[in-house]
Structures are given as structure tokens and as C-alpha cells.
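Breakdown of the fold
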Amino acid sequence: MANLSQYSLLKTIREKSGLETMEPREKWIVFGGVLFVICFLVFQQVLMPFFEAKTGLEKSIDRKQEELVTIKELQKEYLDLKNEAGTIQTRLKARDTGFTLFTFLDEQAEDSQIKKQIKYMKPSIIEGTEMLNEVMVEMKIQQIHLGLLVNFLKLIESESNVVFVRRISIQEAGGSQGYLDVILQIVTFEEKG
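In what follows, the accompanying structure is described. This structure is a prediction, so every number in the text was calculated from the model and none was measured. (Residues numbered from 1 in each chain as written. Predicted model: local features only at pLDDT ≥ 70, side-chain atom pairs only at ≥ 80, totals over all residues. Heavy atoms only, no water.)

Focus on the packing of helix α3 (residues 101-111) against helix α4 (residues 146-156)
α4 packs onto α3 with a crossing angle of 140° between their chain directions and a minimal axis gap of 9 Å. As far as their axial angle goes, α4 and α3 are oblique. Of the two elements, α3 crosses α4, and the hand of that crossing is right-handed. Together, F104, L105, Q108, A109 and D111 of α3 and F152, L155 and I156 of α4 make up the contact between the two elements. Each residue belonging to the contact of α3 with α4 can be placed in one class, and the counts come to six nonpolar, one polar and one charged. (Axes fitted to C-alpha atoms, helices over the stretch in contact; angles between N-to-C directions. Helix = DSSP H or I, 4+ residues; strand = E, 2+ residues; numbered from the N terminus. Parallel < 35°, antiparallel > 145°, perpendicular 65-115°, else oblique. Left-handed = near helix turned anticlockwise from the far one by under 90°. Contact = heavy atoms within 4.5 Å. Nonpolar A, V, L, I, M, F, W, Y, C, P; charged D, E, K, R; others polar.)

Right, here's the structure in full:
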């Protein structure tokens, strides 16, 4: 009986839909429209989200690959700095015991005969890495001839003592032609004690 009522229900739906009275050409048009709607819904609900997720995943992979390249570059830079720090520490250990930047600069100024032109020398210590502090002396030299300045710079730049000029500011000395006023920032490192 249940099958009979289902059959009669289907028959009633088909009669009311008007499919029985349609021409075969009209049935194909309706069938094509229904098929188009079904395909459109499948495309909207299944395929579009799939392609959007795939595109998002590809972009994410590209971004992660760029991040990986950056991480590898930073790792190389870190290892280079670590090796350089090891080299600096080796040089610091080979340096004379009791070495101080201030004394070193004072001696080099004496040797290059510019001690009278030094207006001031300001030492300072800057907290550095876990193992090293940066020691800096700012010097102002007035009324110095270019040749004496070059000689002094040659004496203070020392790879073995790990001393280098970080910054130099040179201007013509007021009122004295051929002479310069110079401000230097000279830096070295020392191991934390």
C-alpha cells in the first residue's frame, strides 16, 4: 500500500509539473536548465572553495619559503658574527695584559707628536654581548695638519689590538689655513670580567 501511495504521489507531481504535456524539445530545455543549476551549485559550493583553499595554500607555501630563506640568511649572518666574535676574543687574549684604550691612544698621540693638539679624551663603556663590552674613547684634536692626522690614524688602527675608528668628523680649523679640527670615536672590545 505504501508503494501505491508513493507511486500515486509521483504521478500527481509529474502531472502538475506539466512534464507529461511538454514536447521533447521543451523537456530537453528544462532538463538542461536543471542540469545547469545543479552544476552551478556544485561549482559554487564545492569547486570554488576548493580552488580558493588551494590558492591560499600556495600563497602560504610561498610566504613560508621566503621566511625560510630569510631564516637561513640570518643563520649565516649569526654564524659569521659568532666566528668573528671568536676571532675577536682570540685577539683580545693575545693582547698585552693591562691594555686600556685610553692609555694606548695616549701613547700613540705621544709617538705621532699630536698630544698638544688634543682638546679632550672622553672614555666610555657600552654594554655589549654576553661576553664582550665595547670601550670607546671620543677625542677632539684641534689645529692638526693633515699629515700628522694620517700618521696618527695609521698608528691607532690596530687589528692585533682590535682598535678601530668608528666615526670621524673633520672640518677646517677656523682662522688657520691648512689645519683641521677633528673629532674621533675610537673603539675596542674587552671581555666582561
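Resuming the write-up.
Concerning the environment of Y120
In this fold, Y120 is placed in strand β1 (residues 118-126). Exposure remark for Y120: the relative accessible area of 23% places this residue in the partly exposed category. Contact partners of Y120, with chain neighbours within four places excluded, come to E138, M139, K140 and I183. A polar contact of 3.2 Å, which involves the side chain of Y120, links it to the side chain of E138. (Buried < 20%, exposed > 50% of the residue type's maximum accessible area, 1.4 Å probe, protein only. Polar contact = N/O pair within 3.5 Å; in protein donor to acceptor, adjacent residues only side chain to side chain.)

Details of the sheet that holds strand β3 (residues 164-172)
Spatially, four strands are ordered β1-β2-β4-β3 in an open sheet, and the strand pairing comes out antiparallel. Of all strands in the sheet, those bounded by a partner on one side alone are β1 and β3. Direction aside, the axes of adjacent strands within the sheet are offset by 15° on average. Sheet topology note: the β3/strand β4 (residues 179-191) ladder contains eight bridges and is antiparallel. By the bridge assignment for β4, S169 is matched with I183. (Pairing = 2+ DSSP bridges.)

Overview of α3
Those residues of α3 that fall on the buried side of the exposure criterion are L101, F104, L105, Q108 and A109. Projection of α3 onto a plane perpendicular to its axis shows the buried side chains occupying an angular sector of 135°, all on one side. Looking at the packing, one finds that the buried side of α3 touches β1, β2 (132-145), α4 and β4. Count one or two residues on from α3 and you reach Q113, which has phi positive near 60°. (Arc of directions from axis to C-beta.)

Notes on the nonpolar core
L101, L105, M139, I141, F152 and I186 are the most contacted members of the largest nonpolar core, which has 20 residues in total. Where this core is concerned, the elements lending two or more residues are α3, β1, β2, α4 and β4. Among residues more than four places away in sequence, those in contact with M139 are L105, I118, Y120, M121, F152, V182, I183, L184 and I186. Residues I88, L132, V162 and F189 belong to the second largest nonpolar core, which totals five residues. (Core = buried A, V, L, I, M, F, W, Y, C linked by side-chain atoms within 4.5 Å.)

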